[in-house]
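Here is what each chain is made of, one letter per residue.
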Amino acid sequence: AQSVAQPEDQVNVAEGNPLTVKCTYSVSGNPYLFWYVQYPNRGLQFLLKYITGDNLVKGSYGFEAEFNKSQTSFHLKKPSALVSDSALYFCAVRDRWGRDDKIIFGKGTRLHILP
Amino acid sequence: GAGVSQSPSNKVTEKGKDVELRCDPISGHTALYWYRQSLGQGLEFLIYFQGNSAPDKSGLPSDRFSAERTGGSVSTLTIQRTQQEDSAVYLCASSLGLAGGHNEQFFGPGTRLTVL
C-alpha cells in the first residue's frame, strides 16, 4: 500500500528566502507524485506532478519539486518565497503499477512566509 | 459549470441524524474521489469511483458511511446516525482517471459538516 509522509507540520520562512517543504513516499512499485496547495478559504489546487523523465519538475507560481528515487523523496522548493505563498501544502502519491487510481495524501505542511 | 461543485456548502445536524452530501464532478471525468479533512488533520481518503464502480472502499471509517455514483456523474456520500467525530470538511475531487494514469485531481469547495 502506498503512503506519504510530510515530516513538518509547519515551516516558517522569511520573505525572499528559499523555501523547502519536505515529502517522502512509499509505494510497492514506481510512483506518480503530486503537490497540491490549499489557500485560506479556498479549495485545493494542483501545483505540479512527477510522471517520468527529468527529476526536476516545474509547476505553478514558481514552484518546483525534485524527485529522488534513492531517498524516496519529492521535496517542494521555491527560490524566493512570497508572503502570498503562505498556505497549506499537500504531497500525494499514486502507485504507477497499482491496479486502481487510489491517490494517497500526506497530512499537509502549513507554510508561513514572514514579511 | 466548469469545476467540481458540492452541496450543501455547510451542514449542521444533530447527533444520530442521517446526512447526504452531493458532488457534481467535471463533465467527462470518469474518476471521482471523496476525502475527509478534519481540523488540524490532513486529507483522509474515503472512497473513489471509476465510472459507477467503487474498487476501493477501504477508507470508509465505518459501516455508517456509504457512497454511490449514478450515470458516471453525480455522487452522494451518506452518513447514517451521525456522530460528533464525523464533524469535518468533506471534499470531493474528480479526474480523467484512466486506469494507470497520472491525471491530476480537481477539487470541489467542500461540505463543512458539523454534528452537534
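Residues numbered from 1 in each chain as written. Chains lettered and ligands numbered in written order. Predicted model: local features only at pLDDT ≥ 70, side-chain atom pairs only at ≥ 80, totals over all residues. Heavy atoms only, no water.

Visitor: How should the overall build of chain B be read in this particular structure?
Guide: Helix and strand content of chain B: zero helices and 11 strands. Order of helices (α) and strands (β) in chain B, N terminus to C terminus: β-β-β-β-β-β-β-β-β-β-β. The C-alpha atoms of chain B give 13 Å as radius of gyration, which agrees with the globular expectation for 116 residues (13 Å, within 12%). Each principal axis of the C-alpha atoms in chain B carries an extent, and together these give about 40 × 30 × 30 Å. (Helix = DSSP H or I, 4+ residues; strand = E, 2+ residues; numbered from the N terminus. Rg over C-alpha atoms; globule rule 2.2 N^0.38 Å.)

Visitor: Help me understand the sheet that holds strand 7 (residues 65–69) of chain B in this model?
Guide: What holds strands together in a sheet is hydrogen bonding between their backbones, with the strands either parallel or antiparallel. Residues and elements named next belong to chain B. Taken together, the four strands give an open sheet; going across it, the order is 1-3-8-7, and neighbouring strands pair in antiparallel fashion. In this open sheet, the two edge strands, each paired with only one partner strand, are strand 1 (5–7) and strand 7. Direction aside, the axes of adjacent strands within the sheet are offset by 15° on average. In terms of strand pairing, strand 1 meets strand 3 (residues 19–24) through three bridges, oriented antiparallel. Within the sheet, the bridge partner assigned to Ser5 lies in strand 3 and is Asp24. (Pairing = 2+ DSSP bridges. Axes fitted to C-alpha atoms, helices over the stretch in contact; angles between N-to-C directions.)

Visitor: Even after reading the chapter, I still don't get the state of the cysteines, so can you show me in this structure?
Guide: All names here are of chain A. All chains considered together, the criterion is met by two disulfides over all chains. Here Cys23 is linked by a disulfide to Cys91, with a sulfur-sulfur distance of 2.0 Å. An S-S torsion of about -65° defines the bridge between Cys23 and Cys91 as left-handed. Separated by 68 residues along the polypeptide, Cys23 in the loop between strand 3 (19–21) and strand 4 (24–26) and Cys91 in strand 10 (residues 87–95) bring together distant segments of the chain. With a relative accessible area of 0%, Cys23 lands in the buried category. (Disulfide = S-S within 2.5 Å. Buried < 20%, exposed > 50% of the residue type's maximum accessible area, 1.4 Å probe, protein only.)

Visitor: Help me out: how do you make sense of the interface of chain A and chain B in this one?
Guide: Note: interface size is frequently given as the accessible area lost on complex formation between the parts. Taken together, the 20 residues of chain A in the interface contact 23 residues of chain B. Between chain A and chain B, a total of about 1,800 Å² is buried, with carbon and sulfur atoms accounting for 53% of that surface. Our count for the contact surface shared by chain A and chain B stands at one salt bridge. Close ionic contact of Glu104 of chain B with Lys49 of chain A constitutes a salt bridge, the shortest N to O distance being 2.9 Å. Taken together, the links from chain A to chain B amount to four residue pairs in polar contact (both at pLDDT 80 or more). At four residues, the largest contribution of residues to the side of chain A that touches chain B is made by strand 5 (residues 31–38) of chain A. (Contact = heavy atoms within 4.5 Å. Buried area = accessible area lost by both parts, 1.4 Å probe. Salt bridge = Lys/Arg side-chain N within 4 Å of Asp/Glu carboxyl O. Polar contact = N/O pair within 3.5 Å; in protein donor to acceptor, adjacent residues only side chain to side chain.)

Visitor: Explanation requested: the confidence of the model for chain A in the structure shown.
Guide: Per-chain confidence: chain A averages 92 in pLDDT, with 97% of residues scoring 70 or above. Considering each helix and strand of chain A separately, the mean pLDDT is smallest for strand 11 (residues 104–105) of chain A, with a value of 90, and largest for strand 9 (residues 73–78) of chain A, with 98. (pLDDT = per-residue confidence, 0-100.)

Visitor: Just checking my understanding: could you explain the packing of aromatic side chains for this structure?
Guide: Geometrically, a pair of aromatic rings is defined through the distance of the ring centres and the angle of the planes. Residues and elements named next belong to chain A. A full pass over the atoms with the stated rule returns 16 aromatic pairs over all chains. With a centroid separation of 6.2 Å and an interplanar angle of 25°, the aromatic rings of Tyr25 and Phe67 are classed as stacked. One end of the pair, Tyr25, is in strand 4; the other, Phe67, is in strand 8 (residues 64–68), with 42 residues separating them in the sequence. Tyr25 gets classed as buried once you look at its relative accessible area, which sits at 8%. Phe67 sits in the buried class, given a relative accessible area of 7%. The interplanar angle of 70° and the centroid separation of 5.8 Å between the aromatic rings of Tyr36 and Phe46 together place this pair among those described as edge-to-face. Here Phe46 lies in strand 6 (residues 44–50) and Tyr36 lies in strand 5, a separation of 10 residues in the sequence. A relative accessible area of 0% means that Tyr36 is categorised as buried. (Phe/Tyr/Trp six-rings, centres within 6.5 Å; stacked < 30°, edge-to-face > 60°.)

Visitor: Is there a simple way to explain the nonpolar core in this structure?
Guide: Proteins that are soluble and globular tend to have nonpolar side chains buried together. Core analysis: the biggest nonpolar cluster contains 48 residues, and Trp35, Leu48, Leu76, Tyr89 and Phe105 of chain A together with Tyr35 and Phe107 of chain B have the highest contact counts within it. Of all the elements, strand 10 of chain A adds the most residues to this core, at seven residues. Not counting chain neighbours up to four residues away, the residues in contact with Tyr89 of chain A comprise Gln6, Trp35, Tyr36, Val37, Leu47, Phe63, Leu76, Gly108, Thr109 and Leu111 of chain A. Grouped together as the second largest cluster of nonpolar side chains are 19 residues, Val4, Ile26, Ile79 and Leu113 of chain B included. (Core = buried A, V, L, I, M, F, W, Y, C linked by side-chain atoms within 4.5 Å.)

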